[in-house]
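The primary structure of each chain is shown beneath.
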There are 2 protein chains.
Amino acid sequence: MTAAPPEPDFDRARCSVAGTLAVVGEKWSLLVLREAFLGVRRFADLQRALGAPKAVLTDRLNRLVAEGLLVRVPYRAPGERERHEYRLTDRGRDLHPALVALMQWGDRWLAGDGAPPLALTHRDCGAPVALGLRCAAGHDVGGPREVTATPTGRPAETPDTPAG
Amino acid sequence: MTAAPPEPDFDRARCSVAGTLAVVGEKWSLLVLREAFLGVRRFADLQRALGAPKAVLTDRLNRLVAEGLLVRVPYRAPGERERHEYRLTDRGRDLHPALVALMQWGDRWLAGDGAPPLALTHRDCGAPVALGLRCAAGHDVGGPREVTATPTGRPAETPDTPAG
DNA sequence: CACCATGGTTCGTCAAGTGAACCCAGGGTG
DNA sequence: CACCCTGGGTTCACTTGACGAACCATGGTG
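Small disclaimer: the values here were computed from a predicted structure and weren't measured.

Turning to the overall build of chain A, a few remarks are in order. Counting its secondary structure elements, chain A contains six helices and six strands. Split into buried and exposed, the 164 residues of chain A put 46% on the buried side. A total of about 8000 Å² of accessible surface is found on chain A, and carbon and sulfur atoms cover 52% of it.

What follows covers the interface of chain B and chain A. How big an interface is tends to be expressed through the accessible area that disappears when the partners come together. Counting residues at the interface gives 88 residues for chain B, matched by 88 residues for chain A. Summed over both sides, the interface between chain B and chain A buries roughly 8200 Å², with carbon and sulfur atoms accounting for 62% of that surface. Looking at the side of chain B facing chain A, the largest losses of area belong to B:Arg14, B:Leu102 and B:Trp105, adding up to 9% of the total buried there. One can count four salt bridges joining chain B with chain A.

Attention shifts here to the protein's contact with DNA strand C. Neighbouring DNA strand C are 21 residues, the closest being A:Lys54, A:Thr58, A:Arg81, B:Trp28 and B:Arg60. For DNA strand C, the backbone portion of the atoms within 4 Å of the protein, that is sugar and phosphate, comes to 69%. Within the backbone of A:Ala44, an N or O atom sits 3.3 Å from a phosphate oxygen of DNA strand C. B:Arg60 is positioned such that a nitrogen or oxygen atom in its side chain is 2.7 Å from a phosphate oxygen of DNA strand C. Taken together, the elements giving at least two residues each to the surface near DNA strand C come down to α3 (43-50), α4 (54-66) and β2 (82-88) of chain A together with α4 (54-66) of chain B. Residues belonging to the surface near DNA strand C are distributed by class as follows: seven nonpolar, three polar and eleven charged.

So, on to the relation of the copies chain B and chain A. Rotating chain B by 180 degrees and moving it 0.0 Å along the rotation axis overlays it on chain A with an RMSD of 0.1 Å. When the rotation and shift are considered jointly, the pair of chain copies conforms to a two-fold rotation axis.

Time to look at the protein's contact with DNA strand D. For DNA strand D, the set of nearby residues contains 21 residues, the closest of which are A:Trp28, A:Arg60, A:Gly79, A:Arg81 and B:Lys54. In the interface set of DNA strand D, defined as its atoms within 4 Å of the protein, sugar plus phosphate atoms amount to 70%. Taking A:Trp28, its side chain carries an N or O atom lying 2.6 Å from a phosphate oxygen of DNA strand D. At 3.3 Å, a backbone N or O of B:Ala44 approaches a phosphate oxygen of DNA strand D. Taken together, the residues of the surface near DNA strand D sort by class into seven nonpolar, three polar and eleven charged.

On to the pattern of salt bridges, then. Residues and elements named next belong to chain A. Within this structure, the stated rule accounts for 24 salt bridges over all chains. The salt bridge involving Arg60 is made with Glu26; its shortest N-O contact spans 3.9 Å. Of this pair, Arg60 sits in helix α4 while Glu26 sits in the loop between α1 (16-24) and α2 (29-37), and the two are 34 residues apart along the sequence. Residue Arg60 is classed as buried on the basis of its relative accessible area, which comes to 12%. The exposure class of Glu26 is partly exposed, given its relative accessible area of 32%. Measuring nitrogen to oxygen at the nearest pair gives 3.0 Å for the salt bridge that ties Asp45 to Arg48. Linking Asp45 with Arg48, this pair stays in helix α3, spanning three residues, or about one helical turn. For Asp45, a relative accessible area of 28% translates into the label partly exposed.

Residue and element names in this part refer to chain B. Inspection of the secondary structure assignment puts Gly68 in the loop between α4 and β1 (70-76). Sequence spacing of Gly68 and Arg91 is 23 residues, and the spatial spacing of their C-alpha atoms is 6.6 Å. Apart from the residues within four sequence positions on either side, Gly68 is in contact with Thr89, Arg91 and Gly92.

With respect to topology, four strands assemble into an open sheet ordered β5(A)-β4(A)-β4(B)-β5(B), the strand pairing being antiparallel. Among the strands making up the open sheet, the edge pair consists of β5 (140-141) of chain A together with β5 (140-141) of chain B. Where strand β4 (residues 129-135) of chain B and β5(B) come together, two bridges link them in antiparallel fashion. Residue B:Arg134 lies in a different strand from β5(B), and its bridge partner there is B:Asp140. Each of β4 (129-135) of chain A together with β4 of chain B is contacted by helix α6 (residues 96-109) of chain A, which is oriented at about 115 degrees to β4(A), the strand it contacts most.

The rules we used
- Residues numbered from 1 in each chain as written.
- Chains lettered and ligands numbered in written order.
- Predicted model: local features only at pLDDT ≥ 70, side-chain atom pairs only at ≥ 80, totals over all residues.
- Heavy atoms only, no water.
- Helix = DSSP H or I, 4+ residues; strand = E, 2+ residues; numbered from the N terminus.
- Buried < 20%, exposed > 50% of the residue type's maximum accessible area, 1.4 Å probe, protein only.
- Areas by Shrake-Rupley, 256 points an atom, 1.4 Å probe, with all protein chains shown as cover.
- Contact = heavy atoms within 4.5 Å.
- Buried area = accessible area lost by both parts, 1.4 Å probe.
- Salt bridge = Lys/Arg side-chain N within 4 Å of Asp/Glu carboxyl O.
- Near = heavy atom within 4 Å.
- Polar contact = N/O pair within 3.5 Å; in protein donor to acceptor, adjacent residues only side chain to side chain.
- Nonpolar A, V, L, I, M, F, W, Y, C, P; charged D, E, K, R; others polar.
- Least-squares fit on C-alpha atoms with pLDDT ≥ 70 in both.
- Pairing = 2+ DSSP bridges.
- Axes fitted to C-alpha atoms, helices over the stretch in contact; angles between N-to-C directions.

Here's what the structure looks like:
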């Protein structure tokens, strides 16, 4: 049942990336969510789309439901027995930027020459969408070097400016 | 040596998320990169910060170097022998948004009450930074439902609007 | 009633992650 | 010169996780 999620052996204290990966960092989890964003809701469809072993898929779905990223919703198609499907919750939907970020990286660095396999456009205006960092003052943030990371409650030591 | 990276068993065709995860989806990879963004460059420091087994860390570093996300740079501290450190490349640095996205999710959904462990601010103005989707026409995109995903080269079928 | 599809579970095998122990190069200390 | 320390690993025994094929239960169809 995957009732009690295991203690994450990542250190959650240092930064939330570890915590998030403790929830969705297992193999297939993020891909299950990707399919959910694409509208795939049923076990068999997920299994076909992903090619993941059924046992693993079962486990990941249970885990994602237990973590509140998906809900299992019963439904009945006309002339079929009751089944259930998996739907994103707000908590799950909020991972959208992370998936888009991973997708953008792949589009940029793995596609090679051709067009990316999936194009995202704004529903309202049709223009392509992209993820970007912006500060509360409205400035676009160019890259990691323009970002200062400060451990909470302490003054900034030597926070960033990584590979010079 | 991890010379030839294994064939990713994810389907890269459907969407780049799979491809990206084939590169950085193994356990610890993204956390290694997180530390790199925080300025940690040396093997022992990474090991201390992450608590990952040395063998795994060795493997992940080799893999990330082989994939071109990190470079191994020799250096010599005064009165010590030559060592080498791992630095982000452009390819690696471009994963910054993905890590920020994962971090933001954790800050939002895992922190509970308190402040997030790490605060990101704009170096130039000090304002907190956040990731957001915007379209090329300049509109802020509110969420996944405002995004249409289109497989390349085909017309949009029933692309999005996931969990109604 | 036999058959089929969905949505799983079980099982044997194989790959991956884990922690402890060990190793090697080079430098510093007595 | 013998000895120890530190960084950056490698090796090994063990546990956990992923894999794929087989099996099963429910309920509708011919």
